[in-house]
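Fold and contact review
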Amino acid sequence: MFYRYFCFLSLCLFLLIQRRCSLGHIPNLHSSDTTSLPGFENLTMGYNKYLRPYFGGEPVQIAMSLDVASISSISESDMDYTATIYLRQRWTDPRLVFHGNKSFTLDARLVELLWVPDTYIVESKRSFLHDVTVGNRLIRLFSNGTILYALRITTTVACNMDLSKYPMDTQTCRLQLESWGYDENDVIFTWLRGNDSVHGIEKLRLSQYTVERYYTLVSKSQQETGSYPRLILQFELRRNVLYFILETYVPSTLLVMLSWVSFWITLDSVPARTCIGVTTVLSMTTLMIGSRSSLSKTNCFIKAIDVYLGICFSFIFGALVEYAVAHYSSSQKCAAKAPQEGPANELTKEMEEVNITNILNSSITSYKRKISLTSIEISTDNVNCSGLTMKTHEKIKCVLRNKMHRIIGYFTIQNPSNVDHYSKLLFPLFFMLVNVFYWAYYLYF
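Below you will find a few notes about this structure. None of the values given here were measured: they were computed from a predicted structure. (Residues numbered from 1 in each chain as written. Predicted model: local features only at pLDDT ≥ 70, side-chain atom pairs only at ≥ 80, totals over all residues. Heavy atoms only, no water.)

Looking at the overall build of the chain
Tallying secondary structure elements over the chain gives 8 helices and 12 strands in all. Burial statistics for the chain: of 445 residues in total, 34% are counted as buried. Restricting to contacts in the chain with at least 6 residues of sequence separation, those with at least 24 account for 78%. (Helix = DSSP H or I, 4+ residues; strand = E, 2+ residues; numbered from the N terminus. Buried < 20%, exposed > 50% of the residue type's maximum accessible area, 1.4 Å probe, protein only. Contact = heavy atoms within 4.5 Å.)

Structure representation (structure tokens):
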């Protein structure tokens, strides 16, 4: 019995000693962690991450800079662009001041314990933070309380485009950073070094565009809930037109020149000229459909390339119509050479009949005056003038018909072969003039 009681007291004493040792070890670890990370004790003692620095006082100055790593795609159909950027934000929090002149890079997970600005990207459709192999975030703490917070973001941002001069257009896109909940009384956004705050954009190599210039702006967004600070990066993208010249403009111009080959083929070669005209029209139609299918969602715009393809199609269709007119005039001329009784012969016969009737009427009138027979009354009704009236109407019709033929003759092609002769000169001349006006307007206006 005594032995059992002694074992029980020994076990209780052992457990009591173990508990005291473990409780005494926790303060030692805690004190060693706080001394290795200056300012960390502020995060655990008296630091409120839900209150901004200088709460209730002056606004927080937040200086930003960014590097544009890439612009992966620019979509004319969706009117947006996708870019990967490194966004860096700097501000001063007096609650995190510590002694010394060193800076410490902290684990990115500590950002959950700090106050950070609520910056967002205006007009962003989709955005995400990279997290391979860990979340791509950086927290760096300086002795004067300055915090550097860096992020790696990929975002798709809307960009309103004017495609009326496509593919000779220049688009202006923006990347706008704004505070979501803090107005200008709480935070102030500034660029760290003006235009020098942005790097990497001048080194970009895009498939269809060239970055002409970029600049930074500081603005404000006036909304119903207040006035919010906004930073703007604006850049201009000029499209490389060489690809479209080789892909669309040169083939369409060659098709127009191919349609002119028919002017050097005789009018009797109906299959050859018809084949050239129909083939060029169908080829031009296919080229127009292909150019519009690449921008299916922007067909509501009348683009510069659509205007040029329409011009080329008009010249090709005009060459086909030219052959139809020349061939019809040639067939009409051949038909006119066949022996037939023309309207001139009919008019001559009608004039002779009218003259004979007039002579008979004059003879009857003179005969009545000479014989002076009172018993016999010669009424003018006895003379049948219906034939005379009918012949007069026919005479008027014939005169009008001759005048109409004469008017039509002014517009009738006397020599159909001259149509091809004039077309060889006029078609290339007008096409060159239209090209001069087209390129001058879309390149310089």
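Considering the sheet that holds strand 11 (residues 209-223)
A sheet is described by the order of its strands in space; here 4 strands give the open sequence 4-8-12-11, paired in antiparallel fashion. Two strands bound the open sheet, and with one partner strand each, they are strand 4 (119-122) and strand 11. Across the sheet, the axes of successive neighbouring strands diverge by a mean angle of 20°, strand direction being ignored. (Pairing = 2+ DSSP bridges. Axes fitted to C-alpha atoms, helices over the stretch in contact; angles between N-to-C directions.)

What to know about the packing of aromatic side chains
Enumeration over the complete set of coordinates arrives at 22 aromatic pairs. Plain terms: the ring middles of Trp260 and Phe431 are 5.7 Å apart, the flat faces sit at 80° to each other, and that makes the pair edge-to-face. Of this pair, Trp260 sits in the loop between helix 3 (242-259) and helix 4 (270-293) while Phe431 sits in helix 8 (residues 417-444); the two residues are 171 residues apart in sequence, bridging distant segments of the chain. Each member of the pair Trp260 and Phe431 is classed as buried. A ring pair is formed by Tyr438 and Trp439, whose centres lie 5.3 Å apart and whose planes are at 90°; its orientation type is edge-to-face. Owing to a relative accessible area of 5%, Tyr438 belongs among the buried residues under this scheme. Residue Trp439 is classed as partly exposed on the basis of its relative accessible area of 23%. Pairwise contacts between aromatic rings join Tyr249, Tyr308, Tyr438, Trp439, Tyr441, Tyr442 and Phe445 into one cluster. Taking NZ or CZ as reference, Arg95 lies 4.3 Å from the ring centre of Tyr47, over its face. (Phe/Tyr/Trp six-rings, centres within 6.5 Å; stacked < 30°, edge-to-face > 60°. Lys NZ or Arg CZ within 6 Å of the ring centre and 35° of its normal.)

Some points on the packing of helix 3 against helix 4
Where helix 3 meets helix 4, the closest approach of the two axes is 9 Å, and the angle between their N-to-C directions is 165°. For the element pair helix 3 / helix 4, the angle class is roughly antiparallel. By crossing handedness, the relation of helix 3 to helix 4 is classed as left-handed. On helix 4, the residues touching Glu247, Thr248, Pro251, Ser252, Leu255, Leu258 and Ser259 of helix 3 are Ile276, Thr280, Ser283, Met284 and Leu287. Among the residues making up the contact of helix 3 with helix 4, the classes are represented as 6 nonpolar, 5 polar and 1 charged. (Parallel < 35°, antiparallel > 145°, perpendicular 65-115°, else oblique. Left-handed = near helix turned anticlockwise from the far one by under 90°. Nonpolar A, V, L, I, M, F, W, Y, C, P; charged D, E, K, R; others polar.)

Side note on helix 3
Under the 1.5 Å per step criterion, the end-to-end length of helix 3 is 25 Å for 18 residues, consistent within 8% with the ideal 26 Å. Turning to helix 3, its buried residues number three or more, namely Phe244, Thr248, Tyr249, Ser252, Thr253, Leu255, Val256 and Ser259. (Expected span 1.5 Å × (residues − 1).)

Notes on empty space enclosed by the protein
By the definition in use, this model includes 3 cavities of 30 Å³ or more. Surrounding the second largest cavity, Val68, Ile71, Tyr81, Ala83, Ile85, Thr155, Leu175, Leu233 and Phe235 form its lining. Of all the secondary-structure elements, those providing two or more residues to the lining of the second largest cavity are strand 1 (60-75), strand 2 (80-92) and strand 12 (226-239). No other element matches strand 2, which puts 3 residues into the lining of the second largest cavity. Of the residues in the lining of the second largest cavity, the class split is 8 nonpolar, 1 polar and no charged. (1 Å grid on protein atoms, 1.4 Å probe; cavity = no way out; pocket = protein on both sides within 12 Å on 5 of 7 lines; lining within 4 Å. Points joined across faces, edges and corners; volume = space filled by probe spheres on them.)

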